[in-house]
Amino acid sequence: MTTRAAIYARVSTINNGQSPEMQIRELREYCERRGWQVAGEYVDAGISGAKDRRPELDKLMADAHRRKFDVAAVWKFDRFARSVSHLLRALDKFRVLGIEFVSLSESLDTATPAGRMVFTVLGAVAELERSLIAERVRAGLRNARAKGKKLGRPRAVVDAARIGRLRSEGHSVRAIASQLGYSRSLVHKTLANAGAFSDANTAY
């Protein structure tokens, strides 16, 4: 059965002579050498790799879910993914879908033992990076607490008397919240606390 390949190319700008043709040509030649049928070509021209959404990359991922190809081939990692974590998420999605991934410049092929090893190493590095970032955040919080800094959102100053007055005038909780710029849950809580305080005074 012929392997169906999807090739993806990207250039950040098309105004200074950059063209995806070189990437596409080399990917076509690679597929021909491997005996693969090119099932689709996806090209994002003039789009930064830092962008979260890229039309042709989004289309490629959608076609992956439709099982329109068996392998995705790119010229280089940074043409495809905006970060290591983005690359790993995409590769993991391909793995679940039974799709292999090839990066021509890095000689990565997840169908081979060496390619799977590189994928595992990348995953370990990304996990280490996440752990280091989390530890730095925790250390920063500990340092801030040690210096007496208050963490978290500052408490909102609630005008309980005004809330009670508006409620006694017949305004709804929604109207009170809208007028005073509070959330409805905060208004409900303030009224409930006021009711409990009133009950306690009555009992006393």
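Residues numbered from 1 in each chain as written. Predicted model: local features only at pLDDT ≥ 70, side-chain atom pairs only at ≥ 80, totals over all residues. Heavy atoms only, no water.

1. A short note on the environment of Val11
Along the chain, Val11 falls in strand β1 (residues 4-11). Taking the C-alpha atoms as reference points, Val11 and Asp44, separated by 33 residues in sequence, lie 6.7 Å from one another. (Helix = DSSP H or I, 4+ residues; strand = E, 2+ residues; numbered from the N terminus.)

2. Overview of a nonpolar patch on the surface
Judged by side-chain polarity, Met117, Val118 and Val121 come together as a nonpolar surface patch covering roughly 250 Å² of accessible area. Here Met117 shows up in helix α5 (residues 113-146). (Patch = residues over 30% accessible without salt bridge, like charges linked within 9 Å, V, L, I, M, F, W, Y side chains within 5 Å. Areas by Shrake-Rupley, 256 points an atom, 1.4 Å probe, with all protein chains shown as cover. Salt bridge = Lys/Arg side-chain N within 4 Å of Asp/Glu carboxyl O.)

3. Considering unusual backbone geometry
Even without being a glycine, Arg67 presents a positive backbone phi close to 60 degrees. Among the structural elements, Arg67 can be located in the loop between α2 (55-65) and β3 (71-74). According to the relative accessible area criterion, Arg67 is partly exposed, its value standing at 42%. Its identity is not glycine, yet Ser107 carries a phi of approximately 55 degrees, on the positive side. Within the secondary structure, Ser107 sits in the loop between β4 (100-103) and β5 (108-109). (Buried < 20%, exposed > 50% of the residue type's maximum accessible area, 1.4 Å probe, protein only.)

4. Re the sheet that holds β3
One open sheet accounts for five strands, arranged β2-β1-β3-β4-β5; its pairing is mixed. Edge strands, defined here as strands with exactly one partner in the open sheet, are β2 (37-45) and β5. Judged from the eight bridges that link them, β1 and β2 form a sheet pairing that is parallel. When the bridges of β2 are listed, Ala6 appears paired with Gly40. (Pairing = 2+ DSSP bridges.)

5. Observations concerning the packing of helix α6 (residues 160-168) against helix α7 (residues 173-180)
Relative to each other, α6 and α7 sit at 140 degrees, their axes nearing to 10 Å. The pairing of α6 with α7 is recorded here as oblique in orientation. Taken as a pair, α6 and α7 cross one another with a handedness that is right-handed. Between α6 and α7, the residues in contact are Arg162, Ile163, Leu166 and Arg167 and Val173, Ile176, Gln179 and Leu180, respectively. Looking at the contact of α6 with α7, its residues break down into five nonpolar, one polar and two charged. (Axes fitted to C-alpha atoms, helices over the stretch in contact; angles between N-to-C directions. Parallel < 35°, antiparallel > 145°, perpendicular 65-115°, else oblique. Left-handed = near helix turned anticlockwise from the far one by under 90°. Contact = heavy atoms within 4.5 Å. Nonpolar A, V, L, I, M, F, W, Y, C, P; charged D, E, K, R; others polar.)

6. Side note on the packing of aromatic side chains
For the structure shown, the criterion picks out six aromatic pairs. Measuring from centroid to centroid gives 6.2 Å for Phe94 and Phe101, while their planes differ by 20 degrees, and the two rings are stacked. In textbook terms, an aromatic cluster arises when at least three aromatic residues are bridged by ring pairs, as seen for Tyr8, Phe77, Phe80, Phe94 and Phe101. (Phe/Tyr/Trp six-rings, centres within 6.5 Å; stacked < 30°, edge-to-face > 60°.)

7. Considerations on the confidence of the model for the chain
Mean pLDDT over the chain stands at 82; residues scoring 70 or higher make up 83%. Element-level pLDDT for the chain is lowest in helix α8 (residues 184-203), with a mean of 68, against a maximum mean of 95 in β3. Within the model, pLDDT remains below 50 along residues 199-204, and this stretch shows zero contacts once partners closer than five positions in the same chain are excluded. (pLDDT = per-residue confidence, 0-100.)

8. Brief notes about the environment of Leu88
Along the chain, Leu88 turns up in helix α4 (residues 84-97). Assessed through its relative accessible area of 12%, Leu88 is described here as buried.

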